[in-house]
Amino acid sequence: MGSSSAPAVAASGEEVGPDGVRQPGGEVHAWLPGQNQTVCGLALSRTRLRRFPHVRFDYSGTDVLTEADAVGWICPRCLSATAGRRGKEKHAWVRDSPRP
């Protein structure tokens, strides 16, 4: 099973929304489905983080968390590791001006 290019969420807690779908809560990390660790290197089994493959990790460094949010903390290492991936399409590397 290959890993997906879009990071999903792994969290320390969960909350069931009004529509009956599980949502992440507590401490939130980025996780690539198909791997057994978070983007920042935490082992999912040892840290007992729950996987949420249906929730994309689309947080940013400017997000403000309040008491009303189920998410209490967003991993800064996961934020910085996934910041370069957001908004960019996956394509081959091309040299603009090759040397002679």
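Here's what I pulled together on the structure shown here. (Residues numbered from 1 in each chain as written. Predicted model: local features only at pLDDT ≥ 70, side-chain atom pairs only at ≥ 80, totals over all residues. Heavy atoms only, no water.)

### Looking at the overall build of the protein chain
Test applied: Helix and strand definitions follow DSSP, with helices as H or I runs of at least four residues and strands as E runs of at least two, each counted in order from the N terminus. Only protein chains enter the accessibility calculation, which uses a 1.4 Å probe. A residue is then buried if its area is under 20% of the maximum for its type, exposed if over 50%, and partly exposed in between. Residue exposure ignores everything except the shown protein chains as possible cover, and the areas themselves are Shrake-Rupley values with a 1.4 Å probe.
On a plain count of helices and strands, the protein chain comes out with two helices and four strands. Mapped in sequence order, the helices and strands of the protein chain form the string β-β-α-β-β-α. The 100 residues of the protein chain split such that 29% are buried. Carbon and sulfur atoms provide 49% of the accessible area of the protein chain, an area that totals close to 7200 Å².

### Here we look at unusual backbone geometry
Its identity is not glycine, yet Arg48 carries a phi of approximately 60°, on the positive side. Within the fold, Arg48 resides in the loop between helix 1 (44-47) and strand 3 (50-56).

### Here's the deal with the sheet that holds strand 3
Put simply, the test is: Strand pairing is defined by DSSP finding a minimum of two bridges between the two strands. The axes are straight lines fitted to the C-alpha atoms, using for helices just the contacting stretch, and the angles between their N-to-C directions are given from 0 to 180°.
Pairing within the open sheet is mixed, and its four strands lie in the order 3-1-2-4. The open sheet is flanked by strand 3 and strand 4 (71-74), the only strands paired with a single partner. Mean inter-strand twist for the sheet, computed between neighbouring axes without regard to direction, equals 35°. Bridging between strand 1 (residues 8-16) and strand 2 (residues 22-31) involves eight bridges; their strand directions are antiparallel. By the bridge assignment, Val9 is partnered in strand 2 with Ala30.

By themselves these figures say nothing about function.
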